[in-house]
Amino acid sequence: MARQLPKFAVLQLSGCAGCEVSLLNSTEWLYNFELVYMPLVISASNVPSVDVLLVSGGVQTSEDLYKLLRAVNSAKEIVAVGTCAISGGITNLGNRDDVRQMFLSEAERFHLPRMLPKCHPIDDYVEVDRYLSGCPPTPELFMQLLVPDPDYVPKRNVCQECGRKKLKDMKPDHFFYSQRGSPDPDICLINQGYPCVGTSTRAGCNALCTKPGHPCVGCRGPSDAFIDKNAQDWFDSIGKVFEKMTDVPTEEIQAILRSPQLSLFLFQFADYDHVNKKPRPKEKIV
Ligand code: SF4
Ligand code: SF4
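Residues numbered from 1 in each chain as written. Chains lettered and ligands numbered in written order. Predicted model: local features only at pLDDT ≥ 70, side-chain atom pairs only at ≥ 80, totals over all residues.

Side note on the overall build of the protein chain
Move 1: In terms of helices and strands, the protein chain carries twelve helices and four strands.
Move 2: Seen along its three principal axes, the alpha-carbon backbone of the protein chain occupies a region of about 65 × 60 × 35 Å.
Move 3: Counting across all 286 residues of the protein chain, residues that qualify as buried make up 27%.
Move 4: Contacts in the protein chain between residues far apart in sequence, at least 24 positions, make up 67% of those at least 6 positions apart. (Helix = DSSP H or I, 4+ residues; strand = E, 2+ residues; numbered from the N terminus. Buried ≥ 20, exposed ≤ 12 C-beta atoms within 10 Å, placed from the backbone. Contact = placed C-beta atoms within 7 Å.)

What follows is the structure, given as structure tokens:
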């Protein structure tokens, strides 16, 4: 009988994800633990019950605090991982007057930045010449930015790069929030119950996620067809695609559109909204 492995989860609060990358660079633990939650690689709406909860990142936002307090209830052991979880990291240094005084001369203290109340895209403050979208942009996209291929013809959206077939007669009743098994490699992930937003998302990543079976979450931002729409219109359009291609109830579609899995990247579509924001012309976006 297979050995029951202890379960563990990684809760990522405000940090740089460096701790997670370091953990993923070591592999031995894979044979001793079952990883059940880690937003960088495995998402779920809640942290499941676990034997060990690793917490990386500091408590910078109300959401961090909420997630932390909720997650610790379902963990037997809680481990603070890395400088940000243990001391709040560099951003905490920026706000700690006692520590500033201990380590910095009076003149230096003025140069150590303080946190602004809100984070802003840079074009709130400066004129931007070009935008390289993605989270992160792929190496090929960096090349396209820096040494453009004159023959490159951008595709309309991720679907065009994906190559999976959309079927009219295969309609799921519900969406999966996380990966289950191995999706059929030739059929559109929406047909198979995954909330993929490739229809609305800017191409250029070569469908990095959808080809191996992970639904597109829209990290490249809106395709050109969506840039001129206001936030409500593109939100409705994505919902309509899900409604047309599935038998998933409307309430569930609305819930999945607002789920952590999608909202993490879909929120940025609103920053391209020509109606309420400073325009980001299509020609400037790589
Ligand atoms: S899996 Fe996603 S990207 Fe691929 S065809 Fe379907 S909707 Fe488009
Ligand atoms: S498939 Fe979607 S989520 Fe994945 S890299 Fe491309 S745009 Fe980003």
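Read on, since the account is not over.
Brief notes about the sheet that holds strand β4 (residues 75-81)
Move 1: Strand order in this open sheet of four strands is β2-β1-β3-β4, and the pairing throughout is parallel. The two strands at the open ends of the sheet, each matched to only one other strand, are β2 (34-37) and β4. Shown here is a sheet whose adjacent strand axes are inclined to one another by a mean of 30°, direction ignored.
Move 2: Bridge count for strand β3 (residues 50-56) against β4 is six bridges, and the pairing is parallel. The residue of β4 that forms the bridge with Leu54 is Val79.
Move 3: Packed on one face of the sheet, helix α1 (residues 18-25) meets β1 (7-12), β3 and β4 and runs near 150° to β1. (Pairing = 2+ DSSP bridges. Axes fitted to C-alpha atoms, helices over the stretch in contact; angles between N-to-C directions.)

With respect to the nonpolar core
Move 1: Core analysis: the biggest nonpolar cluster contains 24 residues, and Val158, Ile190, Cys196 and Val197 have the highest contact counts within it.
Move 2: If you list the elements that add at least two residues to this core, you get α8 (158-162) and α10 (231-245).
Move 3: Other than its neighbours up to four places away in sequence, Cys196 contacts Leu189, Ile190, Thr210, Pro215 and Cys216. (Core = buried A, V, L, I, M, F, W, Y, C linked by C-beta atoms within 7 Å.)

Some thoughts on unusual backbone geometry
Move 1: Looking along the chain, the bond that leaves Cys135 and enters Pro136 is cis, with omega of -5°.
Move 2: With a phi angle near 70°, Ala17 is a residue other than glycine that sits in the positive phi range.
Move 3: Structurally, Ala17 is set in the loop between β1 and α1.
Move 4: The phi dihedral of Asn206 is positive, around 65°, even though this residue is not glycine.
Move 5: Secondary-structure assignment places Asn206 in the loop between α8 and α9 (224-227).

Description of the site of ligand 1
Move 1: By nearness alone, 14 residues border ligand 1, and Cys159, Cys162, Cys188, Cys196 and Gly198 come closest of all.
Move 2: When grouped by side-chain class, the residues that make up the shell around ligand 1 number nine nonpolar, three polar and two charged. (Near = placed C-beta within 6 Å. Nonpolar A, V, L, I, M, F, W, Y, C, P; charged D, E, K, R; others polar.)

Notes on the domain arrangement of the protein chain
Move 1: Here the protein chain is described as being made up of domain 1 (7-87) and domain 2 (123-284).
Move 2: Computed from C-alpha coordinates alone, the two centres of domain 1 and domain 2 are separated by 27 Å.
Move 3: Taken together, the contact pairs four residues of domain 1 with five residues of domain 2.
Move 4: In the side of domain 1 that touches domain 2, the residues fall into two nonpolar, two polar and no charged. (Domains from an automatic or database assignment.)

Brief notes about the pairing of β3
Move 1: β3 sits mainly inside the fold: five of its seven residues count as buried.
Move 2: The sheet contact formed by β1 and β3 spans five bridges and is parallel. Bridge pairing links Gln12 to Ser56 in β3.
Move 3: After leaving β3, the chain enters helix α2 (residues 62-72) and then returns to the sheet as β4, a path that is right-handed. (Right-handed = clockwise from strand over helix to strand, strands pointing away.)

Some remarks on the site of ligand 2
Move 1: Taken together, Val158, Thr201, Cys205, Ala207, Leu208, Cys209, Thr210, Cys216, Val217, Cys219 and Arg220 make up all the residues around ligand 2.
Move 2: Among the residues making up the shell around ligand 2, the classes are represented as eight nonpolar, two polar and one charged.

Focus: the packing of α10 against helix α11 (residues 250-257)
Move 1: Between α10 and α11, the shortest axis-to-axis distance is 10 Å and the interhelical angle comes to 130°. Relative to α11, the element α10 is oriented oblique. Crossing of α10 against α11: the hand is right-handed. Here Phe235, Ile238, Gly239, Phe242 and Glu243 of α10 come into contact with α11, specifically with Thr250, Ile253, Gln254 and Leu257.
Move 2: Residues of the contact of α10 with α11, tallied by class, amount to five nonpolar, three polar and one charged. (Parallel < 35°, antiparallel > 145°, perpendicular 65-115°, else oblique. Left-handed = near helix turned anticlockwise from the far one by under 90°.)

Brief notes about the environment of Thr199
Move 1: The residue Thr199 is located in the loop between α8 and α9 in this model.
Move 2: Setting aside anything within four residues of it in sequence, one finds Thr199 in contact with Asn157, Cys159 and Val241.

A short note on the environment of Trp29
Move 1: By secondary structure assignment, the location of Trp29 is in the loop between α1 and β2.
Move 2: C-alpha of Trp29 to C-alpha of Ser259: the two residues are 230 residues apart in sequence and 30 Å apart in space.

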